[in-house]
Structures are given as structure tokens and as C-alpha cells.
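Tertiary structure, described
Chain by chain, the residues run as shown.
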Amino acid sequence: MQPSQDYAALRRDPEYGQLNQRLLEFLALGGPRRLLDIGCGDGAVSEVLLGRDPGLALTGVDPEPGLLAEARARLEGRAEFHVGDAASVERLFPPASFDSVVMANCVHLVEELPAALSAIHRVLEPGGRLVFNSAFYAGAELPAELPVYAELIGAARRAARARGLVLDRSAPAKTPGMRRSAEDYWEALAACGFTGITHAEESFTFSGGFLAALCGTPMFASAALPGIDRNVAAELLRESLQKQQQKAPVTVTRRCLYFSAVRA
């Protein structure tokens, strides 16, 4: 899992926050008592969960120590936090430590999905529930919205060439996580022993603020301008977006995928 500090601006976007608010509806209010928040970042989702149920015993895991420091400051001792990623939880915690696991819009950052799901299965108690979502998967972009992305990326690539920067045409357009489909997630969950698998897809409309935050993420910047330093790529993308917005307000609609599964 990539360090989530790289996704801080996106996480702070209020429109992006809607996606995770919807995810928490897949957990019954007052249901979970020992919950693990994987990819917790600065504790924003953990804070919402504790607001719903102050008696919740909540543990957060994230690969970025700096963000965990922010989470500890935010929650002031109401939760405990550990450095780690999805695949490491079976080393961090004994079997059957939790009755619920949440992964709020970060599962697409997991490189080895089978290993991560196996680890999560191990730390869930029998009957425990895993819920996760992703707005970055095969099918997230609506066909009607593709010209918006094409214009943005095309303008950024032209700006890169004007600076003498060379794109790496051999690099994949998307990371493996962004290429996964709903069927891929379903099959991976079933292969790891999860049952009661359900999923839903919902559409959300975002403004230019969301797109500006998205431009700064490694998964988008590196895919749009492969072979170019991702910070430079993010700068070029944001400049191109700004010019695009000067012509007309930019909005995009994306689908978000939601999954719920039970440890048998």
C-alpha cells in the first residue's frame, strides 16, 4: 500500500468525503465493538466512526507515521494506531481480534490483494464483517466523462513536451489496483473464504476542486504522465486543469464501488 500522505489533499476534499460517509452506512449503528480502520491516514474516518459510537474500541493502521501522528492528535487517546498496511495486520494482531474491518477508499492502493484479504480474514472473528469502497477501479469513469480526462491529460502532455520532458510510453496507463473490476474483488474475497458478499455501485458528481486534488496523487499523476517526476507531473496537470476551468467550470461524475463481506 502506498504511503497515504501522498493522498492527503484528496482526503481533505469535502466532496471526496461523501464516498466514505456512504461506506459507513454498510456498518450497522451500534453493531461493531472492535473495529480496525486500515489505511486510516489522519484519522478522519476513525473520528466519524467514534462519533457514531463513542464506546467503539477502534484501532487504526497506516503505512505513514506522520499521518498517524495527526490521527493521534485528532482523537486524543480515543483510539490506538499502528504503522502497517493491509497485508501486515496478521503480524500486528492476534487472530480474531476484530469484529469489523473498514478500508475507506484505499483498497486500490493494495498491490497484493490476495495476501491482504487473507491477513484481514485472519484478524476478523468468525462472523466479522469487512467493508471497503473504491472510486478507482475498472468502470469508475463514465464513458461520457472520458473526454474531460482526455483534454486534461492531453494538455498536460503537451506542456511536458514543451519543457523538453519525455514520456515513458512503455509504462502502464493505470496501476494494477485501478484496473481491478467488481468481479475481481468478488472473486478475491470468495477465494479467501469470505461469504455473504454483496456489492453496490453508486455515482457521485465532483467539481474542479476534487480534480485538482486528484491531480496530485501518485496513481493519477504517474499514469497521466508516465516517466516524469510525479511532483512535476502533478504541477503540469493542475496548471492544465486551471486553464480548462477558465474556459468553463469542470465537473466529472464517477462511480464508486462498495463491498461488504463476512468472515465465515
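First things first, this report covers the structure right here in the doc.

Our next topic: the environment of E47. Relative to the helices and strands, E47 resides in helix 3 (residues 44-52). With near-sequence residues (within four places) excluded, E47 lies in contact with R74, L75 and R78.

Quick look at the environment of M219 now. By the element assignment, M219 lies in helix 11 (residues 218-224). Measuring from C-alpha to C-alpha, the distance between M219 and R230 comes to 9.2 Å, with eleven residues separating the pair along the chain. With near-sequence residues (within four places) excluded, M219 lies in contact with Y7, H108, L109, F136, M178 and L214.

Taken as a whole and assessed by the stated rule, the structure comprises seven aromatic pairs. Ring centres of F93 and F98 lie 5.1 Å apart, and the angle between their planes is 85°; on these two criteria the pair is classed as edge-to-face. For F98, a relative accessible area of 5% corresponds to the buried category. On the basis of an interplanar angle of 55° and a centroid distance of 6.2 Å, the ring pair of Y185 and F259 is categorised as tilted.

Okay, helix 12 (residues 230-247) next. Note: α-helices contain 3.6 residues per turn, so residues at a spacing of three or four share the same orientation. With 18 residues, helix 12 should cover 26 Å at 1.5 Å per step; its first-to-last C-alpha distance of 26 Å lies within 8% of that length. Among the residues of helix 12, A233, A234, L236, L237, S240, L241 and Q244 are the ones counted as buried. Projected down its long axis, helix 12 carries its buried residues within an arc of 165°, all on one side. Residues of helix 12 that are exposed and point over 90 degrees away from its buried face: K243 and Q246.

In this section: the layout of surface pockets. When its volume is computed, the largest pocket comes out at roughly 360 Å³. Contributing to the lining of the largest pocket are 25 residues, with R11, Y16, N20, A44 and V45 lying nearest its centre. Of all the secondary-structure elements, those providing two or more residues to the lining of the largest pocket are helix 1 (8-12), helix 2 (14-24) and helix 3. With five residues, helix 2 is the largest single contributor of residues to the lining of the largest pocket. Classifying every residue of the lining of the largest pocket gives twelve nonpolar, seven polar and six charged.

About the thresholds
- Sequence positions are assigned chain by chain, starting from 1 and proceeding in written order.
- Two thresholds apply to this predicted model, a pLDDT of at least 70 for residue-level local features and 80 or more for giving and counting side-chain atom pairs, whereas whole-chain, interface and lining totals are computed over all residues.
- Working from all heavy atoms in the structure, the side-chain values ignore hydrogens and water.
- The numbering of helices and of strands both runs from the N terminus, where a helix is a DSSP run of H or I of at least 4 residues and a strand a run of E of at least 2.
- Note on contacts: a residue pair is in contact if any heavy atoms of the two residues lie within 4.5 Å.
- Pairing of aromatic rings covers Phe, Tyr and Trp, the last counted by its six-membered ring, and requires centre-to-centre distances within 6.5 Å; plane angles under 30 degrees mean stacked, over 60 mean edge-to-face, and any other angle means tilted.
- Remark: exposure states derive from per-residue accessible area (1.4 Å probe, protein chains only) relative to the maximum for the residue type, with buried under 20%, exposed over 50%, and partly exposed in between.
- Expected span of a helix: the number of residues minus one, times 1.5 Å.
- Directions from the helix axis toward the C-beta atoms define the arc.
- Here a cavity means grid points, on a 1 Å grid over the protein atoms only, where a 1.4 Å probe fits yet cannot get out; a pocket means an open set of points with protein on both sides within 12 Å along at least five of seven lines; lining residues are those with an atom within 4 Å of a point.
- Grid points are joined across faces, edges and corners, and a volume is the space filled by probe spheres set on the points.
- When residues are grouped by polarity, Ala, Val, Leu, Ile, Met, Phe, Trp, Tyr, Cys and Pro land in nonpolar, Asp, Glu, Lys and Arg in charged, and all others, Gly among them, in polar.

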